[in-house]
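Summary of the model geometry
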Amino acid sequence: MHYHLLCFSMFFFFFALLGLVLKLNHIFIVLIFLELSFLAVSLNFFIFSYLIDDLFGKVMILFLISLAATDSALGLGLLLLFYKIRRHLTVDHFNLLKN
């Protein structure tokens with residue numbers, strides 16, 4: 001039973017990694033894939049924490065969920081600000097923020 005959950009988590013993570021590696025133009029899709037990778041890592045922590053009966057994995061899940069929420073809030077805030085300035089959102093235009 002636990003192997004099925006580990007395979008499910010691995011599928012989520014590699015699907016998110018594939019989505020991040022591909023050249024996607026829509027920035028919201030990239031943020032969704034990033035959140036999906038956080039979900040897969042959290043699921044992995046939960047499974048291993050359950051298997052070895054340890055509290056550390058559950059604490060790490062809370063940390064990862066708070067990190068993912070912070071990442072989403074900051075990312076969406078930056079996207080809204082960038083959309084107000086440029087009126088267009090693509091990944092290619094974010095190279096302008098390097099300077």
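I will try to describe carefully the structure that is included in this document. (Residues numbered from 1 in each chain as written. Predicted model: local features only at pLDDT ≥ 70, side-chain atom pairs only at ≥ 80, totals over all residues. Heavy atoms only, no water.)

**Notes on the overall build of the chain**
To keep things clear, this is the line we draw: Where helices and strands are cited, they refer to DSSP runs of H or I of at least four residues and of E of at least two residues respectively, numbered from the N terminus. Note on exposure labels: buried denotes an accessible area under 20% of the residue type's maximum, exposed denotes more than 50%, and partly exposed covers the range between, all computed with a 1.4 Å probe on protein chains only. Should any heavy atoms of two residues lie within 4.5 Å, those residues are counted as being in contact. Where accessible areas are quoted, they stem from the Shrake-Rupley method and a 1.4 Å probe; at the residue level, only the protein chains shown are allowed to cover.
Across its full length, the chain holds three helices and zero strands. The secondary structure elements of the chain, listed N-terminal to C-terminal, are α-α-α. Within the span of the chain, comprising 99 residues, buried residues form 24% of the whole. The contacts of the chain with a sequence gap of at least 6 include a subset with a gap of at least 24, amounting to 59%. By element, 75% of the accessible surface of the chain is carried by carbon and sulfur atoms, the whole surface being about 7,500 Å².

**A word on the packing of aromatic side chains**
So the rule is basically this: Any two of the Phe, Tyr and Trp rings considered here, Trp counted by its six-membered ring, make a pair once their centres fall within 6.5 Å; the pair's planes then place it as stacked at under 30 degrees, edge-to-face at over 60, or tilted in between.
Summed over the entire model, instances satisfying the criterion amount to five aromatic pairs. Aromatic side chains F11 and F15 sit 6.1 Å apart centroid to centroid with 20° between the ring planes, which places their arrangement in the stacked category. Of this pair, F11 and F15 are both found in helix α1 (residues 2-21), four residues apart, which corresponds to roughly one turn of the helix. Among the residues examined, F15 registers a relative accessible area of 39% and is labelled partly exposed. For the ring pair F15 and F33, a centre distance of 5.5 Å and an interplane angle of 70° mean the geometry is edge-to-face. Taken as a pair, F15 in helix α1 and F33 in helix α2 (residues 27-52) lie far apart in primary sequence, 18 residues in all. Of the residues examined, F33 reaches a relative accessible area of 13% and is grouped as buried. A connected cluster of aromatic rings, assembled from ring pairs, spans F8, F11, F12, F15 and F33.

**Here we look at the nonpolar core**
This is how the line gets drawn: Only buried residues count toward a nonpolar core. Its members are Ala, Val, Leu, Ile, Met, Phe, Trp, Tyr and Cys residues joined through side-chain atoms within 4.5 Å.
F12, A16, F33, L36 and A40 together form the largest nonpolar core, which totals five residues. Contributions of two or more residues to this core are made by α1 and α2. Here the element with the most residues in this core is α2; it accounts for three residues. Among residues more than four places away in sequence, those in contact with A16 are F33, L36 and S37.

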